[in-house]
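# A structural walkthrough
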Amino acid sequence: MSLTIPRRSRARTAALLALVLFAATACADGGRGAGAAGSIKIGLLASLSGTYQAVGKEIRAGFELYLATHDGRLGGRQVELVVADEGNGAATAVPAATKLLKQDRVAALTGIVGGGSVAAVYPLLNETKVPFVGSNGRPELKDVSRIWHTSYLSDEPGEAIARHVRDNVDGSVYAIGPDYQGGWDELRGFTDAFVKEGGRLANPDGKTTFTPFPTTTNFTPYFARIKASGADAVYTFYAGSAAVDFVKQYAQSEISDLPLYAAGFLTEGGVLDAQGEAARDVYSVLNYSPDLDNAENRAFVAAWKAKNDGSPTTYAMASYDAAAVLDRAIEAAGDDPSPESINAAIAQLGQIASPRGTWQFSPSTHAPVQKWYLRQVRQDGRALSNTVVGDLATVGG
């Protein structure tokens, strides 16, 4: 016995089957950034291992703190945060970013510790058309249409402190730092601005001395060179475990009496605890300090201390601000936020209230136009801390 289906029923069945197949295909493919209903995927790439592990962990904690204080939502949408390890640089950052951008299909990417990692991931961002809201330093890039930073450009700390060093050092200054992208940018920012302001470098060839990275752990031979140069002060940039080694050995060296100026990362966060008394009196330049007196900072510091030991760092602050930027942008991007609409919304944000003070994105560099602060490691109660002792330049634009 055969079963004959009426023509009208066959049409309805075919239409239903087509609808089911379409839905299955859509679910299998998935929209970029789509998670569960009403949610959004955000990728966070940071150094969770290697030399800059402490920095990466601060970046992750800062972003997660913003989510914790905003019901786990950005722009009203529940966030699925996909975290990956940047490691020590481009070799590990690129495959991790590739997974986030091409497999996890995040709607936006944030984090990244190293400037070299940013440069290496940059082509992937252009290929996938995903906006990047970075929360640490970055090098100059030709096309920043999808590149935003809540921290700084890597040459800006040195640029901001150069005039102060020239005005306060009677003589020449020796420049030294690590031999990789971040070190090149950080030291170039200082030396270019310092020489332009009339300062004199003590380096025999007039160029920064670069130490192999990440292999240099013994700085004693370099201190001997500084001594031989007749320098009257030193300017440097190191971070993470290299900063601990440099500062501890400096305090025990034959040049320990020379004033030490640095980009603030030299004594920022947990490295200061590890350096201890060796870091006393070091001067640094940074865009943030937890003792800044404004309402946003007081709330941020209180929330941080409720969840973490110690005070927040510039790394945590910038990542917290990256979440704030995405929060406003995703909300402004409408009912179905895409990477393109989120990126367009970021460009329209204007001024951003922040623990560092109010800032805004430069229309040309997409990095903050912000004030920089002079800090000195001083006693604060029973502990040493980076205490703001003055304002420096406002840099950016």
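Going along each chain's sequence as written, the residues are numbered from 1 onward. Only residues with pLDDT of 70 or above have their local features reported here, since the model is predicted, and side-chain atom pairs are shown and tallied only from 80 upward, although totals for entire chains, interfaces and linings are computed over all residues. Remark: hydrogens and water are excluded; side-chain values derive from all non-hydrogen atoms of the structure.

- Naming follows an unreviewed UniProt entry, where the chain appears as ABC transporter substrate-binding protein of Micromonospora reichwaldensis.
- Checking UniProt for the chain, the heading Sequence similarities (unreviewed entry) contains the comment "Belongs to the leucine-binding protein family." UniProt positions are given in the numbering used here, feature names are shortened, and annotations may be inferred rather than shown by experiment.

### A closer look at unusual backbone geometry
- Each neighbour pair has its own omega, and for Phe-213 with Pro-214 the value is 5 degrees, a cis peptide bond.
- We count a stretch as a helix when DSSP gives it H or I for four or more residues in a row; a strand needs E for two or more, and each element gets its number in order from the N terminus. As for its position among the elements, Pro-214 is in the loop between strand S8 (209-212) and helix H7 (220-229).
- Even without being a glycine, Lys-129 presents a positive backbone phi close to 60 degrees.
- Between buried and exposed lies partly exposed: a residue is buried under 20% and exposed over 50% of the maximum accessible area for its type, with that area taken using a 1.4 Å probe on protein chains only. Under the relative-accessibility criterion, Lys-129 is labelled partly exposed at 40%.

### Things to note about helix H5 (residues 156-168)
- Expected span of a helix: the number of residues minus one, times 1.5 Å. When the terminal C-alpha atoms of H5 are compared, their 19 Å separation across 13 residues agrees well with the 18 Å that a helix rising 1.5 Å per residue should span.
- We define the bend at any residue as the angle between the axes fitted to the seven residues before and including it, ending there, and the seven starting there. Maximal helix bending in H5 amounts to about 40 degrees, located at Ala-162.
- Residues Glu-156, Pro-157, Gly-158, Ala-160, Ile-161, Ala-162, His-164 and Val-165 constitute the buried set of H5.

### Observations regarding the environment of Lys-248
- As for its placement among the helices and strands, Lys-248 is situated in helix H8 (residues 240-251).
- Separated by 54 residues in the primary sequence, Lys-248 and Ala-302 place their C-alpha atoms 31 Å from one another.
- Note on contacts: a residue pair qualifies if any of its non-hydrogen atoms lie within 4.5 Å across the two residues. When near neighbours in sequence (up to four residues on either side) are disregarded, Lys-248 contacts Ala-274, Gln-275 and Ala-278.

### Description of the UniProt feature "domain: Leucine-binding protein" (unreviewed entry) in the chain
- UniProt annotation of "domain: Leucine-binding protein" (unreviewed entry) refers to residues 39-381 when read in the numbering used here.
- Measuring from the first to the last C-alpha atom of residues 39-381 gives 45 Å, for a span that is 41% helix and 20% strand.

### Concerning the packing of aromatic side chains
- The criterion for an aromatic pair is that two Phe, Tyr or Trp rings (for Trp, the six-membered ring) have centres within 6.5 Å, with stacked assigned to planes under 30 degrees apart, edge-to-face to planes over 60 apart and tilted to the rest. One pass over the full model with this rule turns up 22 aromatic pairs.
- Look at Phe-237 and Phe-265: their rings are 5.9 Å apart centre to centre, the planes differ by 80 degrees, and that puts the pair in the edge-to-face class. Of this pair, Phe-237 sits in the loop between strand S9 (233-236) and H8 while Phe-265 sits in the loop between strand S10 (260-263) and helix H9 (270-275), and the two are 28 residues apart along the sequence.
- Looking at Phe-237, the relative accessible area reads 6%, which means it is buried.
- Relative accessible area serves as the criterion here: at 2%, Phe-265 is assigned to the buried category.
- Chaining the aromatic ring pairs together yields one cluster made of Tyr-152, Phe-237, Phe-265, Tyr-315 and Trp-372.

### Considering the sheet that holds strand S2 (residues 73-74)
- For two strands to count as paired, DSSP must find a minimum of two bridges between them. Ordered by their spatial adjacency, six strands build an open sheet running S2-S3-S1-S4-S5-S6, and the pairing between neighbours is mixed. Looking at which strands have only one partner, the edges of the open sheet turn out to be S2 and strand S6 (147-149).

### Considering the pattern of salt bridges
- Within this document, salt bridges are pairs made up of a side-chain nitrogen of Lys or Arg and a carboxyl oxygen of Asp or Glu, the two lying within 4 Å of each other. Following the criterion strictly, the structure yields 14 salt bridges and no others.
- Taking the shortest distance from any N to any O, the salt bridge between Lys-102 and Glu-127 comes out at 2.8 Å. With Lys-102 in helix H3 (residues 90-103) and Glu-127 in helix H4 (residues 115-128), this residue pair connects regions lying 25 residues apart in the sequence.
- Judged by relative accessible area, which is 38%, Lys-102 ranks as partly exposed.
- The closest approach of N and O atoms between Glu-197 and Arg-166, which form a salt bridge, is 3.2 Å. Of this pair, Glu-197 sits in the loop between helix H6 (181-196) and S8 while Arg-166 sits in helix H5, and the two are 31 residues apart along the sequence.

### Re the nonpolar core
- Leu-74, Ile-161, Tyr-235, Leu-326, Ile-342 and Ile-346 are the most contacted members of the largest nonpolar core, which has 71 residues in total.
- The element contributing the most residues to this core is helix H11 (residues 314-332), with eleven residues.
- Leu-326 has contacts with Ile-42, Phe-63, Leu-74, Ala-108, Val-133 and Ile-342, leaving out every residue within four places of it along the chain.
- The definition of a nonpolar core used throughout is a set of buried Ala, Val, Leu, Ile, Met, Phe, Trp, Tyr and Cys residues joined through side-chain atoms within 4.5 Å. Among the nonpolar cores identified, the runner-up in size contains 25 residues, and Tyr-174, Ala-202, Tyr-222 and Ala-279 belong to it.

### Some points on the confidence of the model for the chain
- pLDDT expresses, on a scale from 0 to 100, how confident the predictor is about each individual residue. Mean pLDDT over the chain: 90, with 91% of residues reaching 70 or higher.
- In the model, residues 1-30 has pLDDT below 50 throughout and makes three contacts with residues more than four positions away in sequence or in other chains.

### Comments concerning the pairing of strand S3 (residues 77-85)
- Note: strand S1 (residues 39-46) against S3, eight bridges, orientation parallel. Within S3, the position partnered with Leu-45 by the bridge is Ala-84.
- Sheet topology places S2 next to S3; two bridges connect them, and they run antiparallel. Across the sheet, Arg-73 pairs through a bridge with Gln-78, a residue of S3.

### Looking at the side chain of Asp-185
- By the secondary structure assignment, Asp-185 is in helix H6.
- Asp-185 gets classed as buried once you look at its relative accessible area, which sits at 5%.
- Setting aside residues up to four positions removed in sequence, Asp-185 forms contacts with Pro-139, Ser-154 and Asp-155.

### A short note on the environment of Trp-359
- Assignment of secondary structure puts Trp-359 in the loop between helix H12 (339-346) and strand S12 (360-361).
- Using a relative accessible area of 1% as the deciding quantity, one classes Trp-359 as buried.
- Distance from Trp-359 to Pro-339, taken between C-alpha atoms, is 24 Å for residues 20 residues apart in sequence.
- If near-sequence neighbours (up to four positions away) are discounted, Trp-359 is found in contact with Thr-150, Asp-321, Val-325, Gly-350, Gln-351, Ile-352, Ser-354, Pro-368, Val-369 and Gln-370.

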